[in-house]
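Here's the letter readout for the chains.
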Amino acid sequence: MEAANSKLKSEDEWRAILSPEQFRILRQKGTEAPNTGNYNHHDASGVYGCAACGTPLYKSSTKFSSGCGWPAFFDAIPGAVSRHEDRSMFMTRIEITCTACGGHLGHVFKGEGFDTPTDERHCVNSVSLNFKEE
């Protein structure tokens, strides 16, 4: 039997604990409108975790201003974020999800020329995140 605090839940269980907008984005792979999220221009020191299960995903030290309209990070906490090929919207992209619960975070883009150590931009929906100040 699955533990009550398990990070793997049925869609009905997720629907019961997430807001409708969180469910749409985290479970149905939606996207919030650009420049509307709480964390797009957020610059406090701390850790961004999964809004669904609480798993730490990104350190604030990896966040940067990309001008894309969503929070951008150049790297995730090792093992916290998984990558999957996404062929929706008539293109191929790399979707990123929370490794622990499978919640949709956004997409990762490479080779855009940002001055970051990885030359990657993890474009993450604010709705998919919670922030814990250090």
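Thresholds applied
Note on numbering: residues in each chain are counted from 1, in written sequence order. Only residues with pLDDT of 70 or above have their local features reported here, since the model is predicted, and side-chain atom pairs are shown and tallied only from 80 upward, although totals for entire chains, interfaces and linings are computed over all residues. Note that water and hydrogens are dropped before the side-chain values are worked out from all heavy atoms of the structure. The criterion for strand pairing is that DSSP finds at least two bridges linking the strands in question. The helix and strand labels rest on DSSP assignments: H or I over at least four residues marks a helix, E over at least two residues marks a strand, and numbering proceeds from the N terminus. A fitted line through C-alpha atoms represents every axis, and for helices the fit uses only the stretch in contact; the resulting angles, taken between N-to-C directions, go from 0 to 180 degrees. Residue contacts follow a heavy-atom distance rule, with two residues in contact if any of their heavy atoms lie within 4.5 Å. Salt-bridge detection follows one rule: a side-chain nitrogen of Lys or Arg within 4 Å of a carboxyl oxygen of Asp or Glu. Working definition: with a 1.4 Å probe on protein chains only, accessible area under 20% of the residue-type maximum means buried, over 50% means exposed, and in between means partly exposed.

### A closer look at the sheet that holds strand S9 (residues 129-133)
In step 1: The strand order across the open sheet formed by three strands is S2-S1-S9, and the pairing between neighbours is antiparallel. The sheet is open, and its two edges are formed by strand S2 (56-59) and S9, each paired on a single side. Each strand of the sheet is rotated relative to its neighbour by a mean of 30°, with strand direction disregarded.
In step 2: Judged from the three bridges that link them, strand S1 (residues 46-50) and S2 form a sheet pairing that is antiparallel. Its bridge partner being in S2, Val47 is matched across the sheet by Lys59.

### As for the side chain of Ser60
In step 1: Structurally, Ser60 is set in the loop between S2 and strand S3 (63-64).
In step 2: When neighbours within four sequence positions are excluded, Ser60 is seen to be in contact with Ala44, Ser45, Gly46 and Tyr48.

### Digging into the sheet that holds strand S6 (residues 93-98)
In step 1: Taken together, six strands build an open sheet; the order of strands is S3-S4-S8-S7-S6-S5 and the sheet is antiparallel. Every interior strand has two partners, whereas the edge strands, S3 and strand S5 (81-86), have only one.
In step 2: Bridge analysis of strand S4 (residues 72-73) against strand S8 (residues 120-124) gives two bridges, and the strand direction is antiparallel. What sits directly across from Ala72, in S8, is Cys123.

### Concerning the pattern of salt bridges
In step 1: A full pass over the atoms with the stated rule returns eight salt bridges.
In step 2: Residue Arg24 pairs with Glu21 through a salt bridge whose shortest N-O separation is 3.1 Å. Of the two residues, Arg24 and Glu21 are both situated in helix H2 (residues 20-27); the distance of three residues between them amounts to about one turn of the helix.
In step 3: Look at Arg24 and you get partly exposed, because its relative accessible area is 30%.
In step 4: Glu112 is paired through a salt bridge with Arg121; the nearest N and O atoms lie 2.7 Å apart.
In step 5: Accessibility expressed as a relative area gives 9% for Arg121, which makes it buried.
In step 6: Ionic contacts of the salt-bridge type, sharing partners, join the residues Arg83, Lys110 and Glu120 into one network.

### What to know about the side chain of Thr62
In step 1: With respect to the secondary-structure elements, Thr62 resides in the loop between S2 and S3.
In step 2: Setting aside anything within four residues of it in sequence, one finds Thr62 in contact with Ala72, Phe73, Phe74 and Asp75.

### What to know about the environment of Ile94
In step 1: Position of Ile94 among the secondary structure elements: in strand S6.
In step 2: Residue class for Ile94 comes out partly exposed when judged on its relative accessible area of 33%.
In step 3: Each C-alpha atom of the pair Ile94 and His84 lies 5.6 Å from the other, and the pair is ten residues apart in sequence.
In step 4: If sequence neighbours within four positions are ignored, Ile94 has contacts with Arg83, His84, Glu85, Gly106, His107 and Val108.

Structural measurements only, silent on function.
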